[in-house]
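Residues per chain are reported as follows:
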Amino acid sequence: MTSMNIKPPVKVVEWVGDGQRGFLRLLDQTRLPMEQTFVDCRNTKDVWDCIRRLVVRGAPAIGVAAAYGMVVAAQAIDDKDFGPALTDAGEYLKTSRPTAVNLEWAVDRMIRSAGGLIGKNTAEVAEGLLREAAAIHAEDEAMCLAIGGHAASLIEKSQGVLTHCNAGALATAGIGTATAGMYVAHARGKSFTVYCDETRPLLQGSRLTAWELAQAGIDAVLITDNMAAQVMREGKIDMVIVGADRIAANGDAANKIGTYGVAVLARHHNLPMYVAAPHSTFDLSIKTGADIPIELRGAEEITEGFGKRTAPRNIRTYSPAFDVTPASLLAGIITDRGVISPVNEENVRRVLG
Ligand code: MRU
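Conventions we followed
- Residues numbered from 1 in each chain as written.
- Predicted model: local features only at pLDDT ≥ 70, side-chain atom pairs only at ≥ 80, totals over all residues.
- Heavy atoms only, no water.
- Axes fitted to C-alpha atoms, helices over the stretch in contact; angles between N-to-C directions.
- Helix = DSSP H or I, 4+ residues; strand = E, 2+ residues; numbered from the N terminus.
- Parallel < 35°, antiparallel > 145°, perpendicular 65-115°, else oblique.
- Left-handed = near helix turned anticlockwise from the far one by under 90°.
- Contact = heavy atoms within 4.5 Å.
- Nonpolar A, V, L, I, M, F, W, Y, C, P; charged D, E, K, R; others polar.
- Buried < 20%, exposed > 50% of the residue type's maximum accessible area, 1.4 Å probe, protein only.

A. Looking closely at the packing of helix α1 (residues 44–52) against helix α3 (residues 82–94). Contact pair α1 / α3: the axes reach a minimum separation of 9 Å and the direction vectors enclose 20 degrees. Taken as axis vectors, α1 and α3 run roughly parallel relative to one another. Between α1 and α3 lies a crossing of right-handed hand. Of the residues in α3, those touching α1 at Thr 44, Lys 45, Val 47 and Trp 48 are Ala 89, Tyr 92 and Leu 93. The class makeup of the residues in the contact of α1 with α3 is five nonpolar, one polar and one charged.

Listed below in structure tokens is the structure:
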């Protein structure tokens, strides 16, 4: 079976209706795995709020949601001043989460596309923007399949694969990035086990990755983050594969907090660690990971996660949501345009073209 036949197991982001009156429908990932419910966004504030609260999350899915968010924003704008007003709406959406570059990438692409619609009437602007957002959506799905094609041979050689957070179908419009090779290898009949780091504090590994892999019939084993070293030492892991939220020109990669620690452990245990990401996750305007903005999250996510207080009242907290893995710890970056290895600026620019 080729990777082209594989469909994402869930619909994370969807546009309902036409450009002028339609709306954005998002699978509410805060309720997974217990409930599959949806949130409809009919104005820019709704979209901002859904991205901020992680109703939709994962860098590529955030980008697709933001693209449709720009269609929602355009619906509320008077045609004569739509250029500056749409730019303002885009800047507002960008403030929802700072680390995933796909958000600004998608918003900027929508603004450039709107530039070509000046002089058109409101209906034509709405339909034109919806076409662009739908193109971003379809391209994301195709990029996941392309990543899966490149990653599958690596997964097929492994008995045990460790992943962190959720860089799966739930984080994209397609079959995920880190999971793409897993879906392709599984469809080809290969058997392997995926160890899913639970991923404190919001548990994307257990609530989302373990859930979606199990739904797809892929052998998934849930571990807590602090078990990874022991599981590696026991020889259960052959490779690590994770996603990314922003990758600098030299290949330094920001991903969910804890990824850097996994990379250090993988190096210690002599295991190859790969990042899988589409070209839209690269930010070639920054030279190294030191310039990647790291989102800080609220105290309650670590003091009373999921409504249960587990820390003293008034304790001071610090909660960076992402960390940066230096390129030197990566065996490669698997993109839709090929595999970057060894990871350095020259190879990043060559593979991305
Ligand atoms: O805070 P989240 O859940 O949006 O963080 C997501 C991640 O860190 C993912 O691993 C990353 O966005 C890659 S998604 C294909």
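B. Unusual backbone geometry, seen in detail. Pro 33 follows Leu 32 through a cis peptide bond whose omega is 5 degrees. Examined against the element boundaries, Pro 33 turns out to sit in the loop between β2 (23–27) and β3 (38–41). Omega for the peptide link from Arg 200 to Pro 201 comes to 0 degrees, which places this bond in the cis form. On the secondary structure map, Pro 201 appears in the loop between β5 (193–197) and α7 (204–215). If you check the backbone angles, Cys 165 has positive phi at about 60 degrees while not being a glycine. Examined against the element boundaries, Cys 165 turns out to sit in the loop between β4 (160–163) and α6 (180–187). Its relative accessible area of 7% is what places Cys 165 among the buried residues.

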